[in-house]
Amino acid sequence: MDALRAAVGAWFRGGGDGPARESAGRLGVRTAVLLEGPSDVAAVGAVAALLGRDLAAEGVCVLSMGGAMNVGRFARLLGPPGLGLRLTGLCDEREQPYYTRGLARAGAPTDGIFVCAADLEDELVRALGPPRVAELVRAEGDHRPLRTFLNQPAQQGRTAQQQLRRFLGTKKGRKIHYARALVEALNPTDVPPPLTGLLTTL
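Quantities reported herein were computed from a predicted structural model and do not represent experimental measurements.

Caption draft 1: Focus on the sheet that holds strand S3 (residues 86-92). With parallel pairing, 4 strands are arranged side by side in an open sheet as S2-S1-S3-S4. Two strands close off the open sheet at either side, each with one partner strand: strand S2 (60-64) and strand S4 (113-116). For this sheet the average axis-to-axis angle between neighbouring strands, irrespective of direction, equals 15 degrees. Relative to S4, S3 is paired through 4 bridges, and the arrangement is parallel. Looking at S4, one finds that Cys91 is bridged to Val115. On the sheet, helix H5 (residues 96-105) packs against strand S1 (31-35), S3 and S4 and is oriented at approximately 165 degrees with respect to S3.

Caption draft 2: Looking closely at helix H4 (residues 71-78). For H4, the tally of buried residues reaches 6 of 8 residues, placing the bulk of the element in the interior. For H4, the full list of buried residues reads Val71, Gly72, Phe74, Ala75, Leu77 and Leu78. If you follow the buried residues of H4, they end up packed against helix H1 (2-12), S1, S2, S3 and H5.

The rules we used
- What you see as residue numbers is a count from 1 along each chain, following the sequence as written.
- Totals for whole chains, interfaces and linings use every residue, but because this is a predicted model, local features are given only for residues with pLDDT of at least 70 and side-chain atom pairs only at 80 or more, for both listing and counting.
- To get the side-chain values, take all heavy atoms of the structure and skip hydrogens and water.
- When DSSP finds two or more bridges between a pair of strands, those strands are recorded as paired.
- In DSSP terms, a helix is any run of H or I states spanning at least four residues, a strand is any run of E spanning at least two, and both are numbered starting from the N terminus.
- An axis is simply a line fitted to the C-alpha atoms; with a helix, the fit covers only the stretch in contact. Between two such axes, the angle follows the N-to-C directions and lies from 0 to 180 degrees.
- Residues count as neighbours in contact if any of their non-hydrogen atoms are within 4.5 Å of one another.
- Accessibility here uses a 1.4 Å probe with only protein chains present; expressed as a share of the type maximum, an area under 20% marks a residue as buried, one over 50% as exposed, and anything in between as partly exposed.

As structure tokens, then:
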């Protein structure tokens, strides 16, 4: 799948479609999951593993688009006008209009878009509960950065849910790391509904 993702990325940047078509055909890919960034990819991969799924073996390519505003272009490349793959995706609430508009313009159904209430981090913190998330942050060695963050004036008056959600996005790479770590701490029955819905459709 890495070769297909690389080929799609090159096509997106103006290259030819040949390598992407060849890779998709060779791998038997039938579905593309369009995600905003690498932390979403990490979370979806971790949920699939938690549920005992091998998405690549099932013909599912999960890819990061580098931002929700790119969804229209990716939908044209991978959906009906391009490779003809079935499209689905996971997005933050504020990004839903980009997804709906992008898939519709590519002639793809929009019922495969699963929306997080605020964002993915918010869903995961809610599923585990703030005390458990704080415990995991300490276990991952981030107790001191969390304490410093919580002492900032801007965090006073916010709920623990809001504080932890914000903390997860304050350092490069932290969202990716905790997307995987928080999912791995879940019971399969506690996976947030948007992720459950996405995996169920694949």
